[in-house]
Amino acid sequence: ALSILLTDSSIYVLPKFYTTFIFVTFISIMSIIATTVNYKVRNRLVSKTMEAQEYLEYATEGIFKTDLNYLFKGANSSFVQYLKFPTKAEMYQKISLKELFKDPDSFDEFEILIKNDQVIIDYETKFKNYESKIINVSINARIRQNSKDEEPFIEGSVYDITNRKEAEDKISKYNKELEKLNQSKDKFFSIVAHDLMTPFTALLGYSEILAKEYDELDRETIGKFSSDINTVAGKAHGLLENLLGWTRIQTGRLIFHPVEFNLHPIVEDVFHFYSENAKVKDITLVNNAKLTESVFADVNMLNTILRNLVSNAIKFTNEKGRISVSSAKLNGHVEISVIDNGLGMSKMELGKLFDDNVQYSGSGTYNEKGTGLGLLLCKEFVEKHGGILRAESKLGEGTRIFFAVGREESLSEK
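Residues numbered from 1 in each chain as written. Predicted model: local features only at pLDDT ≥ 70, side-chain atom pairs only at ≥ 80, totals over all residues. Heavy atoms only, no water.

Asks: I'm lost on the sheet that holds strand 5 (residues 153-160) in this one. Help?
Replies: Hydrogen bonds between backbone groups are what pair the strands of a sheet, and the pairing can be parallel or antiparallel. An order of 2-1-5-4-3 is seen for the five strands of this open sheet, with the pairing classed as antiparallel. In this open sheet, the two strands that pair with only one neighbour each are strand 2 (72-75) and strand 3 (119-128). Averaged over all pairs of adjacent strands, the angle between their axes in this sheet comes to 25°, without regard to strand direction. In this fold helix 6 (residues 104-117) packs onto strand 3, strand 4 (134-144) and strand 5, with an angle of close to 160° to the strand it touches most, strand 3. (Pairing = 2+ DSSP bridges. Helix = DSSP H or I, 4+ residues; strand = E, 2+ residues; numbered from the N terminus. Axes fitted to C-alpha atoms, helices over the stretch in contact; angles between N-to-C directions. Contact = heavy atoms within 4.5 Å.)

The following block contains the structure:
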């Protein structure tokens, strides 16, 4: 206004001076008001920005930003804490996002996904942190570009799911144990319902004949029936003993008590127990366990293992065959072998022999039947000792089943 008044006023159409003054004053007041409002809005915006930055900085998930070469350009405190780095600066200098992946194949998959889809949601993998500890993480990430002039970058978040994965693993373990218990229960009832009932049916039949027709039977027939009853009762007792031992293992109620003892007398006891069965087929039983050989094992379990293996060998050996039990000291433990020259097995049969999911049992040379439970029991008893039950066989040439017992440190050396 002053500039106009000091110039040639004839070329301007001016309002009155007071009107001009009021107008300028009004504009000035409006400017002051606008400035004040702008200042308050700006302060509020700065406050909100700082609040958002603070939220991102201390969010529960780790937030990061990298270039397309996976070099870090930014990260919040949670991300640094997940990785156990002392400072952000040290993390930026020492490692890239690619190097955090425990498995290189997992990173390759991550890279393909983000480059093809531009976005990754809930990708689960394993990171190796600054302390070389493995953590399970879930990643969300995407490729962004704020403007045409700016280089594209990757931004994302990482959430530590280690506790969740451990809980899932425990649930999976419990489910497998539950499934195993259900299978054990089904197997138990199957054996009780069929295999254990069979010998009792025979016992009832023989005893009923003896009870009702005793006066009409001659001594030879009574003697034969008595012998048959004894044989059937022995088989039923052996089966029941195996069944109870196997059940105790499945329910965790079996006490494992290894001690040092001589092996030779144990083998003699087993041979004496099955001497009548061997005589029926004229099978020779040979104890090759060294007289001075001592083993560190649970006496009852080892006795059960040998009885089952010798019983099986008799079952699958022809007349005038040969069965031997031998021992050898190897690397501080004792390897025990049960060897027969019987029917032998094919590769397919050998593969099924110790399969927990297959209750395998063939027919013996006298058409003897079994449940397959004995070998499973042997396998679990041997594993209780820290060993492995193995078998070598050729069809028509016989079978060798062997396992090792000894102190835990000597078995681990093997």
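Asks: What am I meant to see in the packing of helix 10 (residues 263-273) against helix 12 (residues 299-315) here?
Replies: When two helices pack together, you describe them by how their axes are tilted relative to each other and by the distance separating the axes. Running from N to C, helix 10 and helix 12 point in directions that differ by 45°, and their axes come no closer than 10 Å. In terms of orientation, helix 10 lies oblique with respect to helix 12. In the packing of helix 10 onto helix 12, the handedness of the crossing is right-handed. Residue-level contacts link Leu-263, Ile-266, Val-267, Val-270, Phe-271 and Phe-273 of helix 10 to Val-299, Leu-302, Asn-303, Leu-306, Arg-307 and Val-310 of helix 12. (Parallel < 35°, antiparallel > 145°, perpendicular 65-115°, else oblique. Left-handed = near helix turned anticlockwise from the far one by under 90°.)

Asks: Sorry, what's going on with the sheet that holds strand 10 (residues 333-340) here?
Replies: One open sheet accounts for five strands, arranged 7-9-10-12-11; its pairing is mixed. Looking along the sheet, the strands with just one partner apiece sit at the ends: strand 7 (284-288) and strand 11 (390-394). Direction aside, neighbouring strands of the sheet carry axes that sit 15° apart on average. In this sheet, strand 12 (residues 398-405) lies alongside strand 10 in antiparallel orientation, the contact comprising seven bridges. Note that in strand 12 the partner of Ser-337 across the bridge is Phe-402. The sheet strands contacting helix 10 are strand 7, strand 9 (322-330) and strand 10, and the helix crosses strand 7 at an angle near 170°. Sitting on the sheet, helix 12 touches strand 9, strand 10 and strand 12, and the angle it makes with strand 10 is about 25°.

Asks: Help me understand the environment of Lys-315, please; the structure alone is not making it clear to me.
Replies: Along the chain, the position of Lys-315 falls in helix 12. Since its relative accessible area comes to 10%, Lys-315 is described here as buried. Measuring from C-alpha to C-alpha, the distance between Lys-315 and Asn-277 comes to 8.9 Å, with 38 residues separating the pair along the chain. (Buried < 20%, exposed > 50% of the residue type's maximum accessible area, 1.4 Å probe, protein only.)

Asks: Quick question: what am I supposed to make of a negative patch on the surface here?
Replies: A contiguous patch of negative charge on the surface is contributed by Asp-103, Asp-105, Asp-108 and Glu-109. Looking at Glu-109, the relative accessible area reads 44%, which means it is partly exposed. (Patch = residues over 30% accessible without salt bridge, like charges linked within 9 Å, V, L, I, M, F, W, Y side chains within 5 Å. Areas by Shrake-Rupley, 256 points an atom, 1.4 Å probe, with all protein chains shown as cover. Salt bridge = Lys/Arg side-chain N within 4 Å of Asp/Glu carboxyl O. Lys, Arg positive; Asp, Glu negative; His and termini not counted. Charge placed at Lys NZ, Arg CZ, Asp CG, Glu CD.)

Asks: Help me out: how do you make sense of the side chain of Asp-67 in this one?
Replies: Note on placement: Asp-67 falls in the loop between strand 1 (62-66) and strand 2. Here Asp-67 is buried and forms no salt bridge, its nearest opposite-charge partner Lys-73 lying at an N-O distance of 4.0 Å. In this structure the side chain of Asp-67 is engaged in a polar contact, spanning 2.9 Å, whose partner is the backbone nitrogen of Asn-69. Once residues within four sequence positions are removed from consideration, Asp-67 is found in contact with Lys-73 and Ile-154. (Polar contact = N/O pair within 3.5 Å; in protein donor to acceptor, adjacent residues only side chain to side chain.)

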